[in-house]
Amino acid sequence: MMRINIARNIGTIVLLFVLGAVADVYASGLPDFVALAEKNGPAVVNISTTQKILRSRPQFNIPDLPENSPFNDFFEKFFGENNNMPREFDSKSLGSGFIISSDGYIITNNHVIKDADEIIVRLGDRREVPAKVVGADERSDIALLKVDAKGLPVVKIGNAESLKVGEWVLAIGSPFGFDHSVTAGIVSAKGRNLPSENYVPFIQTDVAINPGNSGGPLFNLDGEVIGVNSQIYSRTGGFMGLSFAIPIEVAMDVVNQLKTKGHVSRGWLGVLIQDVTRELAESFGMDKPHGALVSRVLPDSPAADAGFKIGDVIVNYNGSMIDRSGDLPPVVGRTAIGKKVPVKVIRNGKRVTLKVKIGELPGEDELKVASSSGSATDNQLNIQVTNLTAEMRSKLGVQNHGVLVKTVKSGAAFDAGIRKGDVILRLNNTKVKNTGHFTEIVKGLPKNKSVPVLVQRRGGPIFLALKVKDGKK
């Protein structure tokens, strides 16, 4: 009996030892954010802004009261004619920022300070100081502020390119005005492209970010800033597990340009692009969908000068692999203006290397599709098209080619996504000259094989994949 008890005691001790060791292993695997937060918290600031807004007070009909009524003075004071004039109101907002130099330079988001009449920065020691805008860039959503102060604590700038998916990160900011709130999570993805901005490869995290966190820093475990918290994806207005930060390299490039020349210049290639779908990859003779498909080469652009063609698929830019169309704008934007870079494209199933001299990004190119008139034709695609007028060609920027879609019925064209109002510019890699030429091209389309069709829609070109099936229009 004694031996059994001794054995049981020894077994219990061994089990407790093993459980303790396992607990230590798990504990050692979790990061300790205490030192990081204590060290970097003082360099994170709260930013409050005030904007003056003119608003008209609602109209109010003063009731017809007796001359001696005691309410006459009341209604005249608050609802009289003079009170219908626009009144000035203060609109306030909150955000975050972080200090990058001891003499008072601060990074935040452009949307935090946009249109603000007054910007107040609350420092870590609770001092409140006015700030002026050195410069702001709407495309990257980065703004640079300056406060009149010396000897301020600063953050350490890191490198977002070395980040790994799954790596721990930490944010410090002022969600809903709660200063120096610390939240942690992991990197969910890198190089995310959002509809609002094509020139920023966002870092996606699951760090809890809410209104007021905008402009605050995102740290790695070494205490280095690797991003600027900027946006969230939400259906409720609050945090739902998807947060997006601007890589610190992008932010610092913007800051340096704002400091030196007061504005931001970006590289420009001069092409409109789209993703390559599985069907389009098949139509272009590619093994799998990848790269950025050129749907238009803008006139007098670097791409035009370098010999880019519609239908080229850009797969490598200056040594960087282009897997999706969204990978291209950020690397082009960061390229020095005037620099010559090699670009590899797939053209007619073969790889071609082009040398392009990068230009400076101009204003956005906007094209409009006008209404049409003219003769129409019918064909095996169950689609009706008409010729373009000279005025329409001028507005579209196309010459001697293209037909306007008037009607689309059930069939291959409809299945491909062609719709009324589209302008078909190219079909099966051939420029469409007019309705007659269009009919000839359609007659020669292969059966049961995807072919590319380039259409102009709402001012922008887009490739679609069209497949004509046997016995079906």
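Here the structure is shown first, and the text comes after it.
This is a predicted model, so every value here is computed, not measured.

Engineer: Residues and numbers for the packing of aromatic side chains, please.
Structural biologist: As enumerated under the stated definition, the model contains three aromatic pairs in all. With a centroid separation of 5.9 Å and an interplanar angle of 65 degrees, the aromatic rings of Phe33 and Trp168 are classed as edge-to-face. On the criterion of sequence distance, the pair formed by Phe33 in the loop between helix 1 (2-29) and helix 2 (34-40) and Trp168 in strand 8 (residues 168-173) is long-range, its members being 135 residues apart. Using a relative accessible area of 32% as the deciding quantity, one classes Trp168 as partly exposed. Where Phe202 meets Phe244, the ring centres are 6.4 Å apart and the plane angle is 80 degrees; that geometry is what we call edge-to-face. Here Phe244 lies in strand 13 (residues 243-247) and Phe202 lies in strand 10 (residues 197-205), a separation of 42 residues in the sequence.

Engineer: Report on the pattern of salt bridges, specifying residues and quantitative values.
Structural biologist: Tallied over the full model, the rule gives nine salt bridges. Across the pair Arg122 and Glu128 runs a salt bridge, and its minimum N-O distance is 3.3 Å. Using a relative accessible area of 24% as the deciding quantity, one classes Arg122 as partly exposed. A relative accessible area of 52% places Glu128 in the exposed class. Arg457 is paired through a salt bridge with Asp422; the nearest N and O atoms lie 2.7 Å apart. Within this pair, whereas Arg457 is found in strand 27 (residues 450-457), its partner Asp422 is found in the loop between helix 10 (412-416) and strand 25 (423-427), the two being separated by 35 residues in sequence. Each member of the salt-bridge network shares a partner with another, and the members are Arg122, Glu128 and Asp179.

Engineer: Kindly report on the nonpolar core, identifying the contributing residues and their values.
Structural biologist: Phe98, Ile107, Ile142, Val228 and Ile248 are the most contacted members of the largest nonpolar core, which totals 39 residues. Elements represented by at least two residues in this core include exactly strand 6 (142-147), strand 8, strand 9 (181-194), strand 10, strand 11 (217-219), strand 12 (224-232), strand 13 and helix 5 (248-261). With seven residues, helix 5 is the largest single contributor of residues to this core. Ranked by size, the runner-up nonpolar core spans 22 residues in total, among them Leu381, Val405, Ile424 and Val451.

Engineer: Requested: an account of the environment of Pro130, with residues and values cited.
Structural biologist: As for its position among the elements, Pro130 is in strand 5 (residues 128-137). Owing to a relative accessible area of 58%, Pro130 belongs among the exposed residues under this scheme. Between the C-alpha atoms of Pro130 and Ser48, which are 82 residues apart in sequence, the distance is 9.8 Å. Contacts of Pro130, omitting those with residues within four sequence positions, involve Ile119, Ile120, Lys146 and Val147.

Engineer: Hey, could you go over the pairing of strand 27 for me, with residue numbers and the actual values?
Structural biologist: Summarising burial for strand 27: seven of the eight residues are buried, a large majority. Where strand 25 meets strand 27, four bridges bridge the pair, whose relative direction is antiparallel. Across the sheet, residue Leu427 finds its bridge partner in strand 27, namely Val453. Note: strand 27 against strand 28 (residues 460-467), eight bridges, orientation antiparallel. Note on strand 28: the bridge partner recorded for Val455 is Ile462.

Criteria and thresholds
- Residues numbered from 1 in each chain as written.
- Predicted model: local features only at pLDDT ≥ 70, side-chain atom pairs only at ≥ 80, totals over all residues.
- Heavy atoms only, no water.
- Phe/Tyr/Trp six-rings, centres within 6.5 Å; stacked < 30°, edge-to-face > 60°.
- Helix = DSSP H or I, 4+ residues; strand = E, 2+ residues; numbered from the N terminus.
- Buried < 20%, exposed > 50% of the residue type's maximum accessible area, 1.4 Å probe, protein only.
- Salt bridge = Lys/Arg side-chain N within 4 Å of Asp/Glu carboxyl O.
- Core = buried A, V, L, I, M, F, W, Y, C linked by side-chain atoms within 4.5 Å.
- Contact = heavy atoms within 4.5 Å.
- Pairing = 2+ DSSP bridges.

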